[in-house]
Amino acid sequence: MNDILNAIQNIGIVPVVKIQKTEDILPMAHALNEGGINCMEITFRSEFAVQAIHEIRNAYPDMIIGAGTVTSVDYAQQALEAGAQFLVTPGFNPEVVKWAVDHNILIVPGVQTASEIEAAMAFGLTTLKFFPAESSGGVKKLKDFSGPYSHIKFMPSGGINKSNMHNYLDLPNVAAIGGSFMLPNDLIAAGDWDGIEALSKEAIKFMLEYKLMHIGVNSESKEQAQTLAHDLATFFNFKFYETAVGSKSDAGFEFLHAPNENLGYFGIQTRYPERALYQLAKQGIHANEATIVRNKTQAITSVALNRDIAGFNIRLVKSEI
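Residues numbered from 1 in each chain as written. Predicted model: local features only at pLDDT ≥ 70, side-chain atom pairs only at ≥ 80, totals over all residues. Heavy atoms only, no water.

*Asks:* Sorry, what's going on with the overall build of the chain here?
*Replies:* Each helix and strand in the chain was counted, giving 12 helices and 15 strands. On the principal axes, the C-alpha backbone points of the chain span a range of 75 × 45 × 30 Å. Taking all contacts inside the chain whose residues are at least 6 apart in sequence as the whole, residues at least 24 apart take part in 63%. Just so you have it, the chain exposes about 15,700 Å², and 52% of that area is on carbon and sulfur atoms. Here the chain holds 25 positive side-chain charges and 34 negative ones, and the gap between their average locations is 5 Å. (Helix = DSSP H or I, 4+ residues; strand = E, 2+ residues; numbered from the N terminus. Contact = heavy atoms within 4.5 Å. Areas by Shrake-Rupley, 256 points an atom, 1.4 Å probe, with all protein chains shown as cover. Lys, Arg positive; Asp, Glu negative; His and termini not counted. Charge placed at Lys NZ, Arg CZ, Asp CG, Glu CD.)

And the structure:
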């Protein structure tokens, strides 16, 4: 269960999928997967939900597939038999939750109130769906929940889109968001899977929000580093510091002396280093574990990658939110 929850949190976005036609099942999964979103919540609001879960699990075994709108034990059983890895309910249904817990199945029940959160806690659950998010108090209500329920994570869904996704994902008690904004009805109806793949890629790009913020250049000596830094500052009226100041996330240049190391580094800023590392791993790029720096909540604030570009190392730095 923890592996699935960790993967969902690292993906950050869980598309809520309603299958309209059986011929859409695999092309839609392919488009999302190629777009970087290897997770789906397939809702039982469609008569093709069971078929979709079964086909996608067979064709894309690395995708994380959940069943949504699970409003009965019968639906839960069907979803599990089809291969679903987790269950999502729109509200808190004690019968469905108890069945899932008794069968050691990951379930993310829907909640809106403190009473429902505590009912879920009584079953030992710590990750809950907040639905419908926007019309139930949205970000403000989730902030309010973070006080008395600091150990609870939420997967809000309902009214979340590209324009407000960061408002939710920036909250420490939000594991991931649910939504269908990368699956517009007109593109699905037209069978424009390339368009959906492009929207999925754009959603990941917008979520991670990469920026080139800092460049470090290695020099032959401390004296040369200081001279080069002074010259660059003089030429372009940049502020000059004799020693490094501030955080590595500060925009600018740093001239350093690190014998026997590479030419320097590029500091790439991102809102969510863990989610960035998850996507980079798909391209064979990983963290240099020895370089990871974490804050007091154990979130990564900076990390060097195991891939150089033209002799320059790459460091991911968490942006200030």
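Here the narrative resumes, following the displayed structure.
*Asks:* How do you make sense of helix α7 (residues 138-145) when you look at a structure like this?
*Replies:* Structurally, the α-helix is built with 3.6 residues per turn, so residues lying three or four positions apart point the same way. What α7 keeps buried is the set G138, V139, L142 and F145. Along α7, the residues classed as buried sweep out an arc of 120 degrees about the axis, all on the same side. Looking at the buried residues of α7, the elements they touch are α6 (114-121), β7 (127-130), β8 (153-156) and α8 (165-169). (Buried < 20%, exposed > 50% of the residue type's maximum accessible area, 1.4 Å probe, protein only. Arc of directions from axis to C-beta.)

*Asks:* So what exactly am I meant to see when it comes to unusual backbone geometry here?
*Replies:* Negative phi is the rule for most residues except glycine; trans is the rule for most peptide bonds. The step from F131 to P132 runs through a cis peptide bond, and the omega angle for that step is -15 degrees. Following the sequence through the fold, P132 ends up in the loop between β7 and α7. The backbone of N104 shows a phi angle near 55 degrees, a positive value even though the residue is not glycine. Along the polypeptide, N104 turns up in the loop between α5 (94-102) and β5 (107-108). Even without being a glycine, N237 presents a positive backbone phi close to 60 degrees.

*Asks:* In this structure, what is going on with the packing of aromatic side chains? I would like to understand it.
*Replies:* For any two aromatic rings, the description comes down to two numbers: the centre-to-centre distance and the angle of the planes. Under the defined criterion, the tally for this structure stands at 10 aromatic pairs. Judged by centre distance (5.8 Å) and plane angle (35 degrees), the rings of F236 and F238 are tilted. In this structure an aromatic cluster arises from ring pairing among F130, F145, Y149 and F154. One Lys or Arg, K129, reaches over the ring of F131 and ends 4.6 Å from the middle of that ring. Cation over ring: R315 sits above Y265, and NZ or CZ is 3.7 Å from the ring centre. (Phe/Tyr/Trp six-rings, centres within 6.5 Å; stacked < 30°, edge-to-face > 60°. Lys NZ or Arg CZ within 6 Å of the ring centre and 35° of its normal.)

*Asks:* Before we go on, may I ask you to explain the sheet that holds strand β6 (residues 110-111) in this structure?
*Replies:* Note on sheets: strands pair through backbone hydrogen bonds, and any given pair is parallel or antiparallel. Ordered in space as β6-β7-β8, the three strands form an open sheet in which the pairing is parallel. Looking along the sheet, the strands with just one partner apiece sit at the ends: β6 and β8. Where β7 and β8 come together, four bridges link them in parallel fashion. Its bridge partner lying in β8, L128 is registered against F154. (Pairing = 2+ DSSP bridges.)

*Asks:* Would you explain the sheet that holds strand β9 (residues 177-179) in this entry?
*Replies:* Strand order in the open sheet formed by six strands is β5-β4-β3-β2-β1-β9, with parallel pairing between adjacent strands. Each edge of the sheet is formed by a strand with only one pairing partner; in this case those strands are β5 and β9. Bridge count for strand β1 (residues 13-17) against strand β2 (residues 39-43) is two bridges, and the pairing is parallel. Following the sheet pairing, V16 is matched in β2 by E41.

*Asks:* Any chance you could explain the pattern of salt bridges here in plain terms?
*Replies:* It is possible for side chains bearing opposite charge to pair when their charged atoms get close. All told, the structure shown has seven salt bridges when counted by the stated rule. Where K98 meets D102, a salt bridge forms, and the shortest distance between an N and an O atom there is 2.7 Å. In this pair, K98 and D102 are both assigned in helix α5, four residues apart and thus about one turn of the helix distant. According to the relative accessible area criterion, D102 is exposed, its value standing at 52%. Between E197 and K201 there is a salt bridge, and its shortest N-O distance comes to 3.2 Å. One end of the pair is E197 and the other is K201, both in helix α10 (residues 193-208) and four residues apart, which spans about a single turn. (Salt bridge = Lys/Arg side-chain N within 4 Å of Asp/Glu carboxyl O.)

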